[in-house]
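As a plain string of letters, each chain reads:
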Amino acid sequence: MPGRPKKNERRREEGEAPKGKKMSRVGLIMSCGFCGRTGHNKSGCGKNPDRGKKKNAHLAKSGSKMKQAEQAQTDGAKAAAASRTSSTSENPKSKKFNPPRAAAAPTATAPTRTSPRRATTVPRAPTRSSPRRASQSASTTTNFGLENLASLSLAVNLIMYFMLIMHINLADASNLLTNYMGTSYMIAVLITAFADTFVGRYQTVIISSMVEIIGLLLLTLQAHYEKLMPPKCNWPLPPCEKVSGNNEILLYAALYLIAIGSAGIKAALPAHCADQFDEKHPREKRQMSSFFNWLLLAMCIGGALSVTFFVWIQNTKGWDKGFGGATGVMGLALIAFVIGLPRYRIYTAQGSSALLEIFRVYVAAIRNWNLELPENPEELYEISRSKASPETEFVPHRNKPFRFLDRAAIVQTPAGETPNPWRQCRVTQVEYAKTVLAMVPIFCSAIIMGTCLAQFQTFSIQQGSTMDTRLGPHLTMPPASLPIIPLGMLIFIVPIYERVFVPFARRITGHPNGIPYLQRVGVGLVLCIISMCIAAVVEMYRKRVAREHNMLDAIPTVQMLPMSCFWLAPQYAVFGVADMFTFIGLLEFFYSQAPPALKSMSSAFFWGALSLGYYFSTIIVKAVNAATKNYTTSRGWLQGNNINRNHLDLFFWLLAVLSFLNFLNYLYWSSWYNYVKPQDHPKDVSEQPEQV
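No experiment lies behind these values; they were computed from the predicted model shown.

Participant: Describe the overall build of the chain, naming the residues involved and giving the relevant values.
Facilitator: The secondary structure content of the chain amounts to 16 helices and zero strands. With 692 residues in all, the chain has 49% of them scored as buried. Taking as baseline every contact in the chain between residues at least 6 positions apart, the subset at least 24 positions apart corresponds to 79%.

In structure tokens, the structure reads:
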């Protein structure tokens, strides 16, 4: 009906389209502009730093304030009109009819008006660490530090528990400990896939903490009741009955429950910590790198207390009291993590494992080996972006490396049919598989370092038990407390590295982390070689002291050599610095280079490398003993319980040579590797049409 327009609508220009009808909410899918997932918008996204903050809340609290603001705006308009009137009255010739100016076109930075109730604003990068971020960091680092406080004393002192209480010989005790540590790290890979698929990361941390508490309780009960242990004897003098039967089953059950629980925390907690930072914000991206350094510092502080206080309790007050204290600390770690739940950014389970999708690519490439690759990569299979859900990821095709994996994306299914995922995969999945395969050689470089680490937790502790551990006339240091040396150094080095070295190197190299990831890992591998050489030289000197003082058959911890245990400090100190460079470097490398769906597997890659290193330690110890049993009186370099008669120095030289060869292998693969730029914006990824 022609006439005056409605009051709530403006007069439209000639040719302008009429106002559209209000869109119905029925059948629409809400999607988030931050994470791309459905079911919520930006205001409710866990990655939005302004989540929960009400815009203009200071005006909505009272109607009087809104009236005051409107009155001030009206007064300002009247004052401006009065000034214009006075200026025109002074110059009558300048009086003209000035039509009202059209409203200025909105610029790119102006907020878009969506509805009269709520305005969507573009979040800005935070200028400083918010209290929310500080509380998140405090809860997660406290949990990691307390977990290390509870478990590290087991890693360094269990070999003495196996030998003195369970009456297991040196070689078998060393292999039992390395198998326990290796299992703990290997299970981390499986738990990561389980967490991403079914449970979620924060729930995995809670469940794993409870499992570790149960294992520590069983270990405490066995150490408390004598009927659950073998009969006491004057070890290593025969006869000593080794633990067996149900008691041995109880020991293994407790150990591997602790291993499973610790693996779950090591697998899920670093990825959960990384979820608290948004890589799209430059400042938060730098904060994530710093957070990994502070996470290492928390581990070092917890480990330092563990190898001193808890080891002292285990050796002087009783093993049951030491294990019981570790159980209580693990309970505090669980409470500290649960307290931070209301403030965490929660990563929801995907319902499918990205690792399984990568494995399907390898299987499909093998099954399609006889098929011919098309010359045009656009003929490979990829779903259409227009038909895909908003959270679907797309990666452009690359010819190098590993061109043979493109056979997994050869189109075989007719149009309109669902392809078999074990025969026909998307180009994006193939590119993810290429990236993971290129990272495997870098991942394998940490295996030898894990083998070297296993020796410092087994044979070096046995070395210290034969040396003078007195710190004064009334104070002694248990051999298992020797790792306090590298941990104490790291407690001072990590803040200096973070606050002094990283900003200085950042100004020189322009890299946000100071030095690239692979260079950092390379420095750690070089220091590992130096550490093993120092260990070999110190062991040669220790055996010479034992020979000169006619103490080759001295009883450990009873008859001490006239040589301070601090001779072992240099090898521990150098290896501790090497661990800092390699540990953090590999974690940052895997998390930055892995595909988005596999970022949670970044920590699992590192723990998997360490687990293989521990298993390789067991293999190499048995292989060395088998190869040298006919050339030594102890039937092997490391076979006997008397470390003074063994050839541990030659074993350390062997590990130094293997570490050097490992470094040469790392140099080749690191120079070959090309850094993958993160695909943060979908517009950077070219759309590939759907193939039929």
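After that view, the rundown keeps rolling.
Participant: Mind laying out the pattern of salt bridges, listing which residues take part and the relevant values?
Facilitator: Across all of its chains, the model carries 10 salt bridges by this definition. With a closest N to O distance of 3.7 Å, Glu-226 and Lys-232 form a salt bridge. Residue class for Glu-226 comes out exposed when judged on its relative accessible area of 56%. Within this structure, Arg-398, Arg-403, Asp-406, Glu-431 and Lys-434 form a network of salt bridges that share partners.

Participant: Talk me through the packing of aromatic side chains; I want residue IDs and the actual numbers.
Facilitator: All told, the structure shown has 19 aromatic pairs when counted by the stated rule. Taking the centre distance of 6.4 Å and the plane angle of 50° together, the rings of Tyr-161 and Phe-162 count as tilted. Taking relative accessible area as the criterion, Tyr-161 reaches 0% and is therefore assigned buried. Its relative accessible area of 1% is what places Phe-162 among the buried residues. Grouping aromatic residues by their ring pairs yields a cluster made of Trp-369, Phe-402, Phe-404, Tyr-668, Trp-669 and Trp-672. Just above the ring of Trp-369 sits the side chain of Arg-407; from NZ or CZ to the centre is 5.0 Å. Sitting over the face of the ring of Phe-394, Arg-426 holds its NZ or CZ atom 5.2 Å from the ring centroid.

Participant: Help me get a handle on helix H9 (residues 354–367), residues and values and all.
Facilitator: When the terminal C-alpha atoms of H9 are compared, their 20 Å separation across 14 residues agrees well with the 20 Å that a helix rising 1.5 Å per residue should span. For H9, the complete set of buried residues consists of Ala-354, Ile-358, Val-361, Ala-364 and Ala-365. Along the axis of H9, the buried positions cluster into a sector of 120°, meaning they face one direction only. Those residues of H9 that are buried lie in contact with helix H10 (427–456).

Participant: Before we move on, could you go through the environment of Phe-359 and cite the residues and values that matter?
Facilitator: Inspection of the secondary structure assignment puts Phe-359 in helix H9. In this structure the C-alpha to C-alpha distance between Phe-359 and Ala-433, which are 74 residues apart in sequence, comes to 7.9 Å.

Participant: Before we move on, could you go through the nonpolar core and cite the residues and values that matter?
Facilitator: Counting residues in each nonpolar core, the largest one holds 146 residues, and the members touching the most others are Leu-158, Tyr-161, Phe-162, Tyr-180 and Phe-651. Take this core: its biggest share by element is 16 residues, from helix H14 (residues 569–593). Listed in part, the 16 residues of the second largest apolar core include Ala-365, Leu-373, Leu-405 and Val-430.

Participant: I'd love a proper account of the packing of H10 against H14, names of residues and values included.
Facilitator: Relative to each other, H10 and H14 sit at 160°, their axes nearing to 11 Å. Taken together, H10 and H14 sit at an angle that is classed as roughly antiparallel. The crossing of H10 and H14 is left-handed. Packed against H10, whose contacting residues are Thr-435, Met-439, Ile-442, Phe-443, Ala-446, Met-449, Cys-452, Leu-453 and Phe-456, the element H14 presents Gln-571, Tyr-572, Phe-575, Ala-578, Asp-579, Thr-582, Leu-586, Phe-589, Phe-590 and Gln-593 at the interface.

Participant: Explain the side chain of Thr-220 to me, using residue names and the numbers behind them.
Facilitator: Within the element layout of this structure, Thr-220 appears in helix H5 (residues 201–224). There is a polar contact of 2.7 Å between the side chain of Thr-220 and the backbone oxygen of Leu-216. A distance of 3.4 Å separates a polar side-chain atom of Thr-220 from the backbone oxygen of Phe-323. In this structure Thr-220 touches Asp-320, Phe-323, Gly-324 and Thr-327, once residues within four positions along its chain are discounted.

Participant: I'd like a description of H10, backed by residues and values.
Facilitator: One full turn of an α-helix is made of 3.6 residues, so residues set three or four places apart face in the same direction. With 30 residues, H10 ought to run about 44 Å at 1.5 Å a step, and its terminal C-alpha atoms sit 45 Å apart, in line with that. Of all the bends in H10, the greatest, near 35°, is centred on Val-440, and the proline Pro-441 appears no more than four residues after it. In terms of burial, H10 is a largely internal element, 27 of the 30 residues being buried.

Participant: Please set out the environment of Val-311 residue by residue, giving values where relevant.
Facilitator: Here Val-311 is to be found in helix H7 (residues 282–317). Note: C-alpha distance between Val-311 and Pro-479 (168 residues apart in sequence) is 9.1 Å. What Val-311 contacts, discounting residues up to four positions off in sequence, is Ser-153, Val-156, Asn-157, Ser-306, Pro-478, Ala-480 and Ser-481.

Participant: Now, about the confidence of the model for the chain: what can you tell me, with residues and values included?
Facilitator: For any part of a model where pLDDT is low, the fine detail of the predicted coordinates should not be relied upon. Summarising the model, the chain shows a mean pLDDT of 76, and 75% of its residues fall at 70 or more. Low pLDDT, under 50, characterises residues 56–63; the predicted model gives this stretch two contacts beyond four residues in sequence or across chains. Low pLDDT, under 50, characterises residues 85–131; the predicted model gives this stretch 24 contacts beyond four residues in sequence or across chains.

Participant: Got a sec to walk through the side chain of Ser-208? Specific residues and values, please.
Facilitator: Mapped onto the elements of the fold, Ser-208 is located in helix H5. Separated by 2.8 Å, the side chain of Ser-208 and the backbone oxygen of Thr-204 make a polar contact. Beyond its immediate sequence surroundings of up to four residues, Ser-208 is in contact with Gly-261, Gly-264 and Ile-265.

Participant: So what about the packing of H9 against H10? Which residues, and what values?
Facilitator: To describe two helices that pack against each other, one gives the angle between their axes and the distance between the axes. Where H9 contacts H10, the two axes come as close as 9 Å, and the packing angle between them is 95°. When the axes of H9 and H10 are compared, the pair comes out roughly perpendicular. Taking contact as the criterion, the partners of Glu-357, Ile-358, Val-361 and Tyr-362 in H9 are, on H10, Gln-429, Val-430, Tyr-432, Ala-433, Val-436 and Leu-437.

Conventions we followed
Residues numbered from 1 in each chain as written. Predicted model: local features only at pLDDT ≥ 70, side-chain atom pairs only at ≥ 80, totals over all residues. Heavy atoms only, no water. Helix = DSSP H or I, 4+ residues; strand = E, 2+ residues; numbered from the N terminus. Buried < 20%, exposed > 50% of the residue type's maximum accessible area, 1.4 Å probe, protein only. Contact = heavy atoms within 4.5 Å. Salt bridge = Lys/Arg side-chain N within 4 Å of Asp/Glu carboxyl O. Phe/Tyr/Trp six-rings, centres within 6.5 Å; stacked < 30°, edge-to-face > 60°. Lys NZ or Arg CZ within 6 Å of the ring centre and 35° of its normal. Expected span 1.5 Å × (residues − 1). Arc of directions from axis to C-beta. Core = buried A, V, L, I, M, F, W, Y, C linked by side-chain atoms within 4.5 Å. Axes fitted to C-alpha atoms, helices over the stretch in contact; angles between N-to-C directions. Parallel < 35°, antiparallel > 145°, perpendicular 65-115°, else oblique. Left-handed = near helix turned anticlockwise from the far one by under 90°. Polar contact = N/O pair within 3.5 Å; in protein donor to acceptor, adjacent residues only side chain to side chain. Bend = angle between axes of the 7 residues up to and from the residue. pLDDT = per-residue confidence, 0-100.

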